[in-house]
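Here is what each chain is made of, one letter per residue.
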Amino acid sequence: MNTRESGVPLPSQATLRPQGNATVSTAALTGIPAVLLDLGMDPELVLAELGVEATVFEVATNVISYKAVGSVVQHCAIRTGCPHFGLLVGQKGGLASVGLLGMLMRYSPDVETALRSLIGHFHFQVRGAGIKLDQYGSKALLSWHPYEPGVPAGDQIDDGAIAELHNMLRELCGPEWKPTAVYFGHERPGDIAPFRAFFGAPMFFDSDYHALEF
């Protein structure tokens, strides 16, 4: 496994290749209308400004383009004045966000098997990013790797993905589970309080990757 000078491991170098057009299952995006409501906005009105019907997020088998997701998240962040909108969307997610795959994970014999199932079947949910699991000693690194270029609000999507992976691990490991560290591949936001309140762990920004260490 590769390591940095700080001793923090780098994810293994296995290539994550796109598989067809980059798309996202709407099962992972049901939090968008919910967060708009939480922030006092009308989802139908806000999404209609982009020509998107709010009902598209009600059917888990719908898919939309990865770039369209970025445009929606970017627009919602601007309209709500919430710079961490993507993080809030990810906080609404968990095992249920990946449908039947989430059930397979929930009933796996152990956490590693559950995560390997997620990684192996993730392309059925998202084509535009991948997930990797690396183990080193008594710790592991679950990392998120976007590969679709030119996506609006990419940092927001990445924050949401890490939040959703966090929730999955908490469902698998129990409500007391916490990561030992969280890494973000973007600069430190002006207000990290929402991140600190949710993750409750040391956070590192401007990292080489987006990941949960546990």
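On a predicted model such as this, the values are computed, not experimentally measured, just so you know.

1. A closer look at the sheet that holds strand 6 (residues 181-183)
Reasoning step 1: Reading across the sheet, the 5 strands line up as 4-5-8-6-7 and stay open at both edges, with mixed pairing between neighbours. Taken across any chain shown, the strands that pair with only one partner, and hence form the sheet edges, are strand 4 (129-136) and strand 7 (203-204).
Reasoning step 2: Here strand 6 runs beside strand 8 (residues 210-213); their pairing, made up of 3 bridges, is antiparallel. The residue of strand 8 that forms the bridge with A181 is E213.
Reasoning step 3: Against the sheet, helix 6 (residues 111-121) makes contact with strand 4 and strand 5 (139-146), and its axis sits at roughly 150° relative to strand 4, the strand it touches most.
Reasoning step 4: Set on the sheet, helix 7 (residues 154-173) makes contact with strand 4, strand 5, strand 6 and strand 8; between it and strand 8 the angle comes to about 20°.

2. Comments concerning the pattern of salt bridges
Reasoning step 1: Summed over all chains, the structure comprises 5 salt bridges.
Reasoning step 2: Note that D38 is salt-bridged to K92, the shortest N-O span being 2.6 Å. Within this pair, whereas D38 is found in helix 1 (residues 31-38), its partner K92 is found in the loop between helix 4 (85-91) and helix 5 (100-106), the two being separated by 54 residues in sequence.
Reasoning step 3: Judged by relative accessible area, which is 53%, D38 ranks as exposed.
Reasoning step 4: On the basis of relative accessible area, K92 is assigned to the partly exposed category, the value being 45%.
Reasoning step 5: Where K139 meets E213, a salt bridge forms, and the shortest distance between an N and an O atom there is 3.9 Å.

3. Section: the pairing of strand 8
On any regular strand, side chains alternate: one points to one face of the sheet, the next to the other face.
Reasoning step 1: In strand 8, alternate side chains face the same way, and those of H210 and L212 on one face and A211 and E213 on the other are all buried.
Reasoning step 2: Relative to strand 8, strand 5 runs antiparallel, the two being bridged by 4 bridges. The residue bridging W144 from the neighbouring strand is H210, located in strand 8.

4. Overview of the sheet that holds strand 3 (residues 126-127)
Reasoning step 1: Across the sheet, which stays open at both edges, the 3 strands sit in the order 2-1-3 with antiparallel pairing between neighbours. Pairing within the sheet leaves two strands with one partner each, and these edge strands are strand 2 (63-65) and strand 3.
Reasoning step 2: Bridge count for strand 1 (residues 23-25) against strand 2 is 3 bridges, and the pairing is antiparallel. In the strand pairing of strand 2, V24 is matched with I64.
Reasoning step 3: On top of the sheet, helix 3 (residues 66-80) reaches strand 1, strand 2 and strand 3; it is set at about 80° to strand 2, its chief contact.

5. Describing the nonpolar core
The tendency in soluble globular proteins is for nonpolar side chains to be buried as a group.
Reasoning step 1: Of all hydrophobic cores here, the largest spans 59 residues; its most connected members are I32, Y66, F85, M105, L118 and F199.
Reasoning step 2: Counting residues per element, this core draws most heavily on helix 7, which supplies 7 residues.
Reasoning step 3: In this view, F85 contacts I32, V35, L36, L39, V73, C76, A77, T80 and Q156; residues no more than four positions away in its chain are not counted.
Reasoning step 4: Grouped together as the second largest cluster of nonpolar side chains are 5 residues, L141, A181, Y183 and Y209 included.

6. Digging into unusual backbone geometry
Reasoning step 1: In this structure, A153 is a non-glycine residue whose phi angle is positive, near 55°.
Reasoning step 2: Mapped onto the fold, A153 is located in the loop between strand 5 and helix 7.

7. Some points on the side chain of D159
Reasoning step 1: By the secondary structure assignment, D159 is in helix 7.
Reasoning step 2: Within the buried core, D159 has no salt-bridge partner, and the shortest N-O distance to an opposite charge, that of R188, equals 13 Å.
Reasoning step 3: Of note is the side chain of D159, whose polar atom sits 2.7 Å from the side chain of H186.
Reasoning step 4: Filtering out sequence-adjacent residues up to four positions away, D159 remains in contact with L87, F184, H186 and F195.

About the criteria used
- Residues numbered from 1 in each chain as written.
- Predicted model: local features only at pLDDT ≥ 70, side-chain atom pairs only at ≥ 80, totals over all residues.
- Heavy atoms only, no water.
- Pairing = 2+ DSSP bridges.
- Helix = DSSP H or I, 4+ residues; strand = E, 2+ residues; numbered from the N terminus.
- Contact = heavy atoms within 4.5 Å.
- Axes fitted to C-alpha atoms, helices over the stretch in contact; angles between N-to-C directions.
- Salt bridge = Lys/Arg side-chain N within 4 Å of Asp/Glu carboxyl O.
- Buried < 20%, exposed > 50% of the residue type's maximum accessible area, 1.4 Å probe, protein only.
- Core = buried A, V, L, I, M, F, W, Y, C linked by side-chain atoms within 4.5 Å.
- Lys, Arg positive; Asp, Glu negative; His and termini not counted.
- Polar contact = N/O pair within 3.5 Å; in protein donor to acceptor, adjacent residues only side chain to side chain.

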